[in-house]
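# Summary of the model geometry
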Amino acid sequence: MLNLVPNDTQRYSLSETIHAEVSRYLYEAFTADDGLLSNVDRWTQRRVTVENLTKIELAHASEDPVEYCYQNLIREIDAEAQTGIFLVGKDAAEASLAPLANEPGVSGELKDQVAYVAPALFADALAHSNDQLDLVWVTIRARFERARVDAEVSRIAMEILMRDADVARDMAAALRSLMYPFHEHVTRHECQLPPLFDERRARELTIMVSQLGKRAGNYADRVREITSRADTQ
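Below, the structure is looked at part by part. Not measured: the values here are computed from a predicted model.

### Digging into the overall build of the chain
- Secondary structure summary: the chain contains nine helices and zero strands in total.
- Taken against the 2.2 N^0.38 rule, which gives 17 Å for 233 residues, the C-alpha radius of gyration of the chain at 18 Å falls within 12% of a compact globule.
- Structurally, the chain occupies a C-alpha span of about 55 × 45 × 30 Å along its principal axes.
- Every one of the 233 residues in the chain was classed for burial, and the buried ones make up 48%.
- Considering only contacts in the chain between residues 6 or more positions apart, those separated by 24 or more positions represent 73%.
- Accessible surface computed for the chain: about 12,300 Å², of which carbon and sulfur atoms make up 50%.
- Separation of charge centres in the chain, based on 26 positive and 38 negative side chains, amounts to 3 Å.

Shown next, in the form of structure tokens:
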């Protein structure tokens, strides 16, 4: 387990710092020309902000805030990778995705297979798309952007709680190096695309991701709690 050692007085100061840094990050995500959520409406911006600040409040109410944030980070990067695999590439619009194209098991070529996988993975969006798969791509991008923002909030909180930005970044990078290959493998299997891993490597990867899932606990219950509390604010 990850541990946090500050006393109650320090907790209050850390909470204020995290709140300020998260608010700054969200503002940039909403307002910068290349911000992750710069294209969403004000209601969605408010919703994302309230839910993420509520998530941080719940982390501070837990016995081990760092572990709570890490558990969130596991599932948020898991969700990010599900659609991020279609955005990875050396010319990716999201610069932070470019290095993932060098990870074993991440081809950086699934973006060229969207038309092929869309009937199985994005059936509803495909049904309402034109020949250019416009709504499919909107769906992929929207899901990725929301998950990426949620993951960055958890990483920022961990960075401040642990007082070590490099460690927090390394932990997030390590999770992505597992989740992106895992979801590419799953997608290739479901859509009958040629696998990149042999059976042994695929099994090892699945076990590691499963162990992380167990560590994250019942994330669905946590999401419901965050959403429920956010609705009261």
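That was the structure; now back to the text.
### Topic: the packing of aromatic side chains
- By the definition in use, this model includes one aromatic pair.
- Here Phe-86 and Phe-122 contribute two aromatic rings whose centre-to-centre distance is 5.7 Å and whose plane-to-plane angle is 70°, an arrangement assigned as edge-to-face. A residue pair is termed long-range when its members are at least 10 positions apart, and Phe-86 in the loop between helix H3 (65-84) and helix H4 (114-121) and Phe-122 in the loop between H4 and helix H5 (123-127) qualify at 36 residues. Judged on exposure class, the residue Phe-86 and its partner Phe-122 are both buried.

### Observations regarding H3
- Between the first and last C-alpha of H3 there are 27 Å, a value that for 20 residues agrees with the 28 Å anticipated at 1.5 Å per step.
- With 17 of 20 residues buried, H3 lies mostly within the body of the structure.

### Side note on unusual backbone geometry
- Look at Arg-163: it is not a glycine, yet its phi comes out positive at around 55°.
- For Arg-163, the position within the fold is in the loop between helix H6 (134-162) and helix H7 (165-190).
- Positive phi values are uncommon outside glycine, yet Gln-192 reaches one of about 60°.
- Tracing the chain through its elements places Gln-192 in the loop between H7 and helix H8 (199-216).

### What to know about the packing of H7 against H8
- At a minimum axis separation of 10 Å, H7 and H8 run at an interaxial angle of 120°. When the axis of H7 is compared with that of H8, the two are oblique. The chirality of how H7 crosses H8 is left-handed. Where H7 abuts H8, its residues Leu-175, Leu-178, Met-179, Pro-181, Phe-182 and His-185 lie against Ala-202, Leu-205, Thr-206, Met-208, Val-209 and Leu-212.
- Class assignment for the residues of the contact of H7 with H8 results in ten nonpolar, two polar and no charged.

### Some thoughts on H8
- Between the first and last C-alpha of H8 there are 26 Å, a value that for 18 residues agrees with the 26 Å anticipated at 1.5 Å per step.
- Buried within H8 are the following residues: Ala-202, Leu-205, Val-209, Leu-212, Gly-213 and Ala-216. All buried residues of H8 project into a common sector of 105° when viewed along the axis, lining one side. Turned more than 90 degrees from where H8 packs its buried face, Glu-199, Gln-211 and Lys-214 sit exposed.

### Looking at the pattern of salt bridges
- This structure, assessed with the given rule, holds 21 salt bridges.
- Of the charged contacts, one joins Arg-200 and Glu-204 as a salt bridge, the two residues approaching to 2.7 Å between their closest N and O atoms. Of this pair, Arg-200 and Glu-204 both sit in helix H8, four residues apart, which is roughly one turn of that helix.
- Using a relative accessible area of 48% as the deciding quantity, one classes Arg-200 as partly exposed.
- A relative accessible area of 33% places Glu-204 in the partly exposed class.

### What to know about the environment of Ala-172
- Relative to the helices and strands, Ala-172 is located in helix H7.
- Overall, the relative accessible area of 2% leaves Ala-172 in the buried class.
- On a C-alpha basis, the gap between Ala-172 and Tyr-70 in space is 8.9 Å, while along the polypeptide they are 102 residues apart.
- Once you skip the residues sitting within four places of it in the chain, Ala-172 turns out to touch Leu-73, Ile-77 and Arg-155.

### Focus: the packing of H3 against helix H9 (residues 219-231)
- The N-to-C vectors of H3 and H9 enclose an angle of 105°; their axes lie 11 Å apart at closest approach. Comparing the axis directions of H3 and H9 gives the class roughly perpendicular. Where H3 approaches H9, its residues Tyr-68, Gln-71, Asn-72, Arg-75 and Glu-76 are matched on the opposing element by Tyr-219, Arg-222 and Ile-226.
- When its residues are assigned to classes, the contact of H3 with H9 shows three nonpolar, two polar and three charged.

Conventions adopted
Residues numbered from 1 in each chain as written. Predicted model: local features only at pLDDT ≥ 70, side-chain atom pairs only at ≥ 80, totals over all residues. Heavy atoms only, no water. Helix = DSSP H or I, 4+ residues; strand = E, 2+ residues; numbered from the N terminus. Rg over C-alpha atoms; globule rule 2.2 N^0.38 Å. Buried < 20%, exposed > 50% of the residue type's maximum accessible area, 1.4 Å probe, protein only. Contact = heavy atoms within 4.5 Å. Areas by Shrake-Rupley, 256 points an atom, 1.4 Å probe, with all protein chains shown as cover. Lys, Arg positive; Asp, Glu negative; His and termini not counted. Charge placed at Lys NZ, Arg CZ, Asp CG, Glu CD. Phe/Tyr/Trp six-rings, centres within 6.5 Å; stacked < 30°, edge-to-face > 60°. Expected span 1.5 Å × (residues − 1). Axes fitted to C-alpha atoms, helices over the stretch in contact; angles between N-to-C directions. Parallel < 35°, antiparallel > 145°, perpendicular 65-115°, else oblique. Left-handed = near helix turned anticlockwise from the far one by under 90°. Nonpolar A, V, L, I, M, F, W, Y, C, P; charged D, E, K, R; others polar. Arc of directions from axis to C-beta. Salt bridge = Lys/Arg side-chain N within 4 Å of Asp/Glu carboxyl O.

As far as function goes, none of this settles anything; it's purely spatial.
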